[in-house]
Every structure is written in structure tokens, then in C-alpha cells.
Amino acid sequence: MMRRTGHDHDQNHGHGHGGAGAGRLTPGRKAVLDILERARRPVGAYEMIDMLAGPAGRRPAPTQVYRALDFLVEQGLVHRLASRNAFLACGHSHGASEPVAFLICDGCGHVDEATSPALAADVAAVAGKRGFAPRAQIIEIAGRCAACVTRDDSVPSPLAGEG
């Protein structure tokens, strides 16, 4: 999975996303984005609140965290996975209007982000045939990642040999 790491978060964030940097990356928004980039996995809003709690246990208000997440999603820096009700940092440089497919493993929970010209063309064709103007083009595909498939294939089934 391609993930960007070690890049600078400044007030006018410079990702390759349409609209990124259009708003201000405040310290609170930066903290949320940094946590998601370090987690490298989907994180729910209430788990995020726990992760943001300071050493004294001071937790931010849920509305504050949701506003930060909404901003980061609008800027294309973070994606929301509806099926998991969770958020993850964007792992690719792609246009804001480009379709994104998330391959979500039912076994280990790993999420891989993918884009392709073929996916963009197919989504455009499907929407165009119906005169539909997409606002968001996020596809969530559930299944088993290669590691889980390999692991499952190498473990003998308890039912093997019965018959």
C-alpha cells in the first residue's frame, strides 16, 4: 500500500489534491491528520478523541473532532469509510474528483487505496449514461487481502478429510 510519510503539515498544506490547502490547517486539524497518518489504518471518531486526549486525560469535544475530520475530508487529505464509520489518511496523490477504491480485508482489517484510469473511465461512463454528476466517487470492496488468503490456504481446514 502506498502511504505518504514524513511530509510537512503547514498552514497551506500542499498535497496533490484538488482544493488541498484551500483552508487553514489549524493545530487541531493537524493533530487529527497526524494521528491518522501514524495509525495507517481506519480510525473512528471516538477512538480519535481518546487518541487526542492529553496526558491529563483532557478530551476534545466530539463536535471539535468531527469538524476537523469534515474539513480534512473536504480538502482530500482524509477519506471516510462508510462501511467502517471510520477515517483514514489519503494514501495517494490523486485528484479530488478521481474515483477511489478501497480494498478492505475482512480478515486483518487492512485497507488498501487504489485508483486507475480504467476505474475513472468506467465510473464516468456509468454516471454519464444516466446524466448523473457525481460529487464523491468512493468504492468500498470487502474481501480478503493477499496475506490473509495465503495464510488461510496454508492452514488445513478442520473439516478436511471428512466426507
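**Comments concerning the overall build of the chain**
A tally of helices and strands in the chain yields 5 helices and 5 strands. The N-to-C order of helical and strand elements in the chain reads α-α-α-β-β-β-β-α-β-α. Buried residues in the chain amount to 34% of all 163 residues. Once local pairs closer than 6 in sequence are excluded, the contacts in the chain between residues at least 24 apart make up 51%. In the form shown here, the chain has an accessible surface area of approximately 9700 Å², with 54% of it arising from carbon and sulfur atoms.

**What to know about the packing of helix 2 (residues 45-52) against helix 3 (residues 62-74)**
Where helix 2 meets helix 3, the axes come as close as 10 Å, and the angle between the chain directions of the two elements is 110°. Classified by the angle their axes make, helix 2 and helix 3 are roughly perpendicular. Contact with helix 2, carried on its side by Ala45, Tyr46, Met48, Ile49 and Leu52, involves Pro62, Val65, Tyr66 and Leu69 of helix 3 and no other residues of that element. Classifying every residue of the contact of helix 2 with helix 3 by side-chain character gives 9 nonpolar, no polar and no charged.

**Observations concerning the pairing of strand 2 (residues 86-89)**
Burial along strand 2 is two-sided: Ala86 and Leu88 and Phe87 and Ala89, pointing in opposite directions, are all buried. With antiparallel pairing between neighbouring strands as the criterion, strand 1 (residues 78-81) and strand 2 make up a hairpin whose turn holds 4 residues, including asparagine 85 at a positive phi of roughly 45°.

**Quick notes on the nonpolar core**
By size, the foremost hydrophobic cluster in this structure holds 19 residues, and its most contacted members are Val32, Leu33, Leu36, Met48, Leu69, Leu72 and Val78. Only helix 1 (27-39), helix 2, helix 3 and strand 2 provide two or more residues apiece to this core. If we ignore the near neighbours within four places in the chain, the residues touching valine 32 are Met48, Leu52, Ala68, Leu69 and Leu72. Ranked by size, the runner-up nonpolar core spans 6 residues in total, among them Leu81, Leu88, Val100 and Val111.

**Concerning the packing of helix 1 against helix 2**
Contact geometry of helix 1 with helix 2 gives a least axis separation of 11 Å together with a crossing angle of 105°. Overall, the two elements helix 1 and helix 2 adopt an arrangement that is roughly perpendicular. Two secondary-structure elements touch here, helix 1 through Ala31, Val32, Ile35 and Leu36 and helix 2 through Met48, Met51 and Leu52. Here the residues of the contact of helix 1 with helix 2 sort into 7 nonpolar, no polar and no charged.

**Some details on the confidence of the model for the chain**
Taken residue by residue, the chain gives an average pLDDT of 81. The fraction at 70 or more is 80%. Counting interchain partners and residues more than four positions distant, the pLDDT-below-50 stretch residues 1-21 has 59 contacts.

Criteria and cut-off values
- Residues numbered from 1 in each chain as written.
- Predicted model: local features only at pLDDT ≥ 70, side-chain atom pairs only at ≥ 80, totals over all residues.
- Heavy atoms only, no water.
- Helix = DSSP H or I, 4+ residues; strand = E, 2+ residues; numbered from the N terminus.
- Buried < 20%, exposed > 50% of the residue type's maximum accessible area, 1.4 Å probe, protein only.
- Contact = heavy atoms within 4.5 Å.
- Areas by Shrake-Rupley, 256 points an atom, 1.4 Å probe, with all protein chains shown as cover.
- Axes fitted to C-alpha atoms, helices over the stretch in contact; angles between N-to-C directions.
- Parallel < 35°, antiparallel > 145°, perpendicular 65-115°, else oblique.
- Nonpolar A, V, L, I, M, F, W, Y, C, P; charged D, E, K, R; others polar.
- Pairing = 2+ DSSP bridges.
- Core = buried A, V, L, I, M, F, W, Y, C linked by side-chain atoms within 4.5 Å.
- pLDDT = per-residue confidence, 0-100.

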